[in-house]
Every structure is written in structure tokens, then in C-alpha cells.
Amino acid sequence: MDVFMMIRRQKLTLFIDAKESSTVSELKKIIEGITKVPWNNIRLIVDSTKQTMDDDNQTLADCGLSGAVAKAYSPALLFLCYRKAGSDNEWEPIDVADLSTPPPLPDVFNKTDDDKKDNPQIAS
């Protein structure tokens, strides 16, 4: 079954899907292909449990990510951290920028029910 994930770091947001049987290293290699950061310098942290996904041989299901909890319309949130330069065991802290809010809709899109009755071309 497919696992849908939203992976965030600073202003970067990735939407990735993989099989429950995929390993953590396979997921990191997908991320490496997008970010161009070597997969062994990537750490993933599950938001709901704050569990680090450090065992590269674990499957996503072993990490608690299954198709039942990570659906396309409600993906699992993972945080992406990079290894600090020149360090083997130090990782940068979780750093995620807030998502922006959309601007308000123009008045033309805010039609009332009375406007729909007056104009038969407006579909309900």
C-alpha cells in the first residue's frame, strides 16, 4: 500500500509517496535526487512521534508509516534535517518555516444566494 508523506525543512516542502515496504535508505535516496544532498547526510524525523528514522534498513511500516495513517489527502509529516558540516554525529535542529496563508478572495467570487437568483448564468 502507498504511504504519502509531506517532508519539510525550512521553506522546502516535498510531497513523496512510497510503498510501505520501502526502506528508509530508499526514501533518503529519493530525497537526495531532489535536494542533491547525499542520502547519508539526511535525517528524517516523524512529526507525530518525534522518532528519528536512523536505521536505514527499516521499512516505512516499521517506522509507523502505513497507508492507513498516511493517505494522499492527509499525508504523514516528516521533518528533514541535514548533518552539520564537518561532523559525524551532529545534526541541525528541526527548522520549518510557517506555511503562508492565501490572500482573501476578491469580491467577485463572494456571490451571495440573492446574486445567484438574479443571474441565471451563475451555476449553483
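Residues numbered from 1 in each chain as written. Predicted model: local features only at pLDDT ≥ 70, side-chain atom pairs only at ≥ 80, totals over all residues. Heavy atoms only, no water.

If you look the protein up in an unreviewed UniProt entry, it shows as Ubiquitin-like domain-containing protein from Adineta ricciae.

## A short note on the sheet that holds strand E4 (residues 76-82)
Reading across the sheet, the four strands line up as E2-E1-E4-E3 and stay open at both edges, with mixed pairing between neighbours. Only two strands of the sheet have a single neighbouring strand rather than two, namely strand E2 (12-19) and strand E3 (42-46). The mean inter-strand angle of the sheet, taken between neighbouring strand axes irrespective of direction, is 30°. Examined bridge by bridge, strand E1 (residues 2-9) and E4 share four bridges and lie parallel to one another. Residue pairing for E4: Met 5 is matched across the bridge by Ala 76. Of the strands in this sheet, E1, E2, E3 and E4 are in contact with helix H1 (residues 24-35), which crosses E2 at around 140°. (Pairing = 2+ DSSP bridges. Helix = DSSP H or I, 4+ residues; strand = E, 2+ residues; numbered from the N terminus. Axes fitted to C-alpha atoms, helices over the stretch in contact; angles between N-to-C directions. Contact = heavy atoms within 4.5 Å.)

## So, the pattern of salt bridges
Per the stated rule, a full pass over the model turns up six salt bridges. Here Asp 2 ties to Lys 19 by a salt bridge, and the two come within 3.0 Å at their closest N and O atoms. Within this pair, whereas Asp 2 is found in strand E1, its partner Lys 19 is found in strand E2, the two being separated by 17 residues in sequence. We note a salt bridge from Asp 56 to Lys 28, for which the minimum N-O separation is 2.9 Å. Of this pair, Asp 56 sits in the loop between E3 and E4 while Lys 28 sits in helix H1, and the two are 28 residues apart along the sequence. (Salt bridge = Lys/Arg side-chain N within 4 Å of Asp/Glu carboxyl O.)

## A look at the side chain of Thr 23
As for its position among the elements, Thr 23 is in the loop between E2 and H1. In this structure the side chain of Thr 23 is engaged in a polar contact, spanning 3.1 Å, whose partner is the side chain of Ser 25. Every residue in contact with Thr 23, bar those within four places of it in the chain, is listed here: Asp 56, Asn 57, Gln 58 and Thr 59. (Polar contact = N/O pair within 3.5 Å; in protein donor to acceptor, adjacent residues only side chain to side chain.)

## Notes on the nonpolar core
As a rule of thumb, soluble globular proteins bury nonpolar side chains together. In terms of nonpolar packing, the biggest core is built from 22 residues, with Met 5, Ile 7, Leu 27, Ile 31, Met 53 and Leu 65 touching the most fellow members. Broken down by secondary-structure element, the contributors of at least two residues to this core are E1, E2, H1, E3 and E4. Sort the elements by how many residues they give to this core and E4 lands first, with four residues. When near neighbours in sequence (up to four residues on either side) are disregarded, Ile 7 contacts Leu 12, Thr 13, Leu 14, Ile 16, Leu 27, Ile 31, Leu 44, Leu 78 and Leu 80. (Core = buried A, V, L, I, M, F, W, Y, C linked by side-chain atoms within 4.5 Å. Buried < 20%, exposed > 50% of the residue type's maximum accessible area, 1.4 Å probe, protein only.)

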